[in-house]
Amino acid sequence: MDLLCSAYADDSDGEVRPAESAHHALAPPPSKRPRTHGTNPILWRRTSPEAPPPPFVSRYVSKRERSILASAASSAPPPRSTVITSPVIGSISESDLPREILSSLKSEEKSSKWSRKVTGKLSVVLRGHTKAINAIQWSQSHAHLLASAGMDQTVSVWNVWSRNQPKARVFTYHNAAVKDVRWSLQGLSLLSCGYDCSSRLMDVEKGVETQIFKEDQELGTVRFHPNDPNLFLSGGLRGSLKLWDIRAGKVAREYRRSLGPILDVKFSPDAKHFISSSDTSRSRISENSIIVWDILREIPLSNQVYVEAYTCPCIQYHPYESCFVAQSNGNYIAIFSSRPPFKLDKYKRYEKHSVSGFPIKCDFSLDGEELASGSSDGSIYFYSYRSSELLRKIKAFEQPCVDIAFHPILPGVIASCSWAGEISVFE
């Protein structure tokens, strides 16, 4: 009360100090016309202009005034920060890599020092995401770099074996969770998508966003065209599939069908078809869960590929043979022919791991002889592609292992990410 009194009282506010109280007690009442000079109309209001002032006037702060002061203080905007956080944190150069790693990456032939099988030796642990990681991918042109997309609304680029600073870039352009990230075939460019209804193209070398592609749906997956880096495919939670032209910044083709949320898309090796996986749990029609599309004609070639009552969060083509696999929420991986009529192999499946509703993904080794899968128990499961037998498993995390990615050059290296926001690289 004293602080408010001293802050708001002055010599001209018409208030009486204690030394003058006796004089005002004997003074005649003022005229009927009230004196307004120096009086704050909000802080001082008389109920009647004819009423004489009280003999002793003290500084009083009403409830209404206190409420006004409190609301004004709470509604005042905080000062704006002029500091802009740069995405550039570390170096993306190969200069600080260990000599053995650098020589293996530069060698045209696969180094004999690297086993063709992942033995389970932990090579690197990368921490930086504060929430679950949804996707990871190695760069084909700069194989020492790994990109990751997280629920914390960030896209990170890691210089995995750097001796100084493994985290090289952190892009914070998305306003919601980032669901997927892909490297461009043209080099140091990244494409990401997320729940802010946008796909974003970023220049990794400069650390800037170069283009944004807005949609009317939250996005779950993106893929570059394998033969044309100026085209990419996006799939969203409203079931819409769009082929974008980066040069024009517009949709070149749209693939329409009454689908649930798109979980994954993959181009065929010849780039004539692509496969989409969607969530059909709400429609009670499982025949649309996996669809093979004709890219040019924009029509489905088959929508009865997989008729089980499970969704498939991941699809992968075999690197050499005419088949593809689909990760099923039934806790197994199914295998299909990639030639019409795209039949399911009913006698072969990979089923020692567990999915349990998480977006668990899988990947083929470089030679195509092994199929690796994440698992809800935090392990990586390695299967023989030909016999579907479990070869080994590696305990990677305490939380679910969501995505795994074999290295594009080093055959015995695999990266994995967890629901807790960690990345582990094994060799």
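Quantities reported herein were computed from a predicted structural model and do not represent experimental measurements.

1. So, the sheet that holds strand S14 (residues 262–267)
Alright, step 1. Read across the sheet, four strands follow the order S14-S15-S16-S17 without closing on themselves; strand pairing throughout is antiparallel. For this open sheet the edge positions go to S14 and strand S17 (299–302), each flanked by a neighbour on one side alone. Across the sheet, the mean angle separating the axes of adjacent strands is 35° when strand polarity is ignored.
Alright, step 2. Sheet topology places S14 next to strand S15 (residues 273–278); five bridges connect them, and they run antiparallel. Paired with Asp264 across the strands is Ser277, a residue of S15.

2. Things to note about the pattern of salt bridges
Alright, step 1. One pass over the structure, following the stated rule, counts 20 salt bridges.
Alright, step 2. Residue Glu427 pairs with Lys121 through a salt bridge whose shortest N-O separation is 3.8 Å. With Glu427 in the segment after strand S28 (422–426) and Lys121 in the loop between helix H4 (99–106) and strand S1 (122–127), the pair connects residues that are 306 residues apart, well separated along the chain.
Alright, step 3. Residue Glu298 is joined to Arg253 by a salt bridge in which the shortest nitrogen-to-oxygen separation is 3.2 Å. Pair noted here: Glu298 is in the loop between strand S16 (290–294) and S17 and Arg253 is in strand S13 (residues 250–255), with a separation of 45 residues, a long-range link.
Alright, step 4. For Glu298, a relative accessible area of 30% gives the class partly exposed.

3. Here we look at the side chain of Thr221
Alright, step 1. As for its position among the elements, Thr221 is in strand S10 (residues 219–224).
Alright, step 2. Among the polar contacts listed, one links the side chain of Thr221 to the side chain of Asp180, at a separation of 3.2 Å.
Alright, step 3. Side chain to side chain, Thr221 and Arg223 meet in a polar contact 3.4 Å long.
Alright, step 4. Residues within four places of Thr221 in sequence aside, it is in contact with Asp180, Cys193, Leu233, Ser234, Gly235, Ile262, Leu263, Asp264 and Val265.

4. A word on H4
Alright, step 1. Buried within H4 are the following residues: Ile101, Ser104 and Leu105. Across the axial projection of H4, the buried residues extend over an arc of 95°, all falling on one side. In H4, the exposed positions angled more than 90 degrees off the buried face are occupied by Arg99 and Lys106.

5. Side note on the sheet that holds strand S11 (residues 231–236)
Alright, step 1. The four strands lie next to each other as S10-S11-S12-S13, forming an open sheet whose pairing is antiparallel. The outermost strands of the open sheet, each flanked by one partner alone, are S10 and S13. Sheet twist, expressed as the mean angle between neighbouring strand axes with direction ignored, is 25°.
Alright, step 2. Bridge count between strand S12 (residues 241–245) and S13: five bridges; the pairing is antiparallel. Bridge pairing in S13 links Asp245 to Lys250.

6. What to know about unusual backbone geometry
Alright, step 1. For the peptide bond that leads from Pro340 to Pro341, omega is 10°, which places it in the cis range.
Alright, step 2. Looking at the element boundaries, Pro341 is found in the loop between strand S20 (332–337) and strand S21 (344–350).
Alright, step 3. Of note in the backbone geometry, Gln153 takes a positive phi value of approximately 70° without being a glycine.
Alright, step 4. Tracing the backbone through its elements, the reader meets Gln153 in the loop between strand S3 (145–150) and strand S4 (155–159).

7. Quick look at the environment of Gly187
Alright, step 1. Mapped onto the fold, Gly187 is located in the loop between strand S6 (178–183) and strand S7 (189–194).
Alright, step 2. Each C-alpha atom, one on Gly187 and one on Val204, is 9.1 Å from the other, the two residues being 17 residues apart in sequence.

8. Considerations on the UniProt feature "repeat: WD" (unreviewed entry) in the protein chain
Alright, step 1. Feature annotation in UniProt places "repeat: WD" (unreviewed entry) on residues 126–160 and 212–254, given in this structure's numbering.
Alright, step 2. For residues 126–160, helix accounts for 0% and strand for 54%, while the C-alpha atoms at its two ends are 8 Å apart.

9. Observations concerning the nonpolar core
Where a protein is soluble and globular, its nonpolar side chains tend to be buried together.
Alright, step 1. The biggest cluster of nonpolar side chains holds 21 residues, and the ones touching the most others in it are Ile136, Trp138, Leu146, Val160, Trp161, Ile423 and Val425.
Alright, step 2. Those elements giving two or more residues to this core turn out to be H4, S1, strand S2 (133–138), strand S26 (401–406), strand S27 (414–418) and S28.
Alright, step 3. Tallying contributions element by element places S2 first for this core, with three residues.
Alright, step 4. In terms of nonpolar packing, the next biggest core, distinct from the first, is built from 15 residues, Val157, Val181, Leu188 and Met202 among them.

10. Re the state of the cysteines
Alright, step 1. Per the counting criterion, the structure on display carries zero disulfides.
Alright, step 2. The closest cysteine sulfur to the non-disulfide-bonded Cys401 is located on Cys417, 6.5 Å from its own sulfur.

11. Observations regarding the environment of Ile409
Alright, step 1. Relative to the helices and strands, Ile409 resides in the loop between S26 and S27.
Alright, step 2. When the C-alpha positions of Ile409 and Gln140 are compared, they lie 8.3 Å apart, and in sequence the two are 269 residues distant.

What counts and how
Residues numbered from 1 in each chain as written. Predicted model: local features only at pLDDT ≥ 70, side-chain atom pairs only at ≥ 80, totals over all residues. Heavy atoms only, no water. Pairing = 2+ DSSP bridges. Helix = DSSP H or I, 4+ residues; strand = E, 2+ residues; numbered from the N terminus. Axes fitted to C-alpha atoms, helices over the stretch in contact; angles between N-to-C directions. Salt bridge = Lys/Arg side-chain N within 4 Å of Asp/Glu carboxyl O. Buried < 20%, exposed > 50% of the residue type's maximum accessible area, 1.4 Å probe, protein only. Polar contact = N/O pair within 3.5 Å; in protein donor to acceptor, adjacent residues only side chain to side chain. Contact = heavy atoms within 4.5 Å. Arc of directions from axis to C-beta. UniProt positions renumbered as here; feature names shortened; annotations may be inferred. Core = buried A, V, L, I, M, F, W, Y, C linked by side-chain atoms within 4.5 Å. Disulfide = S-S within 2.5 Å.

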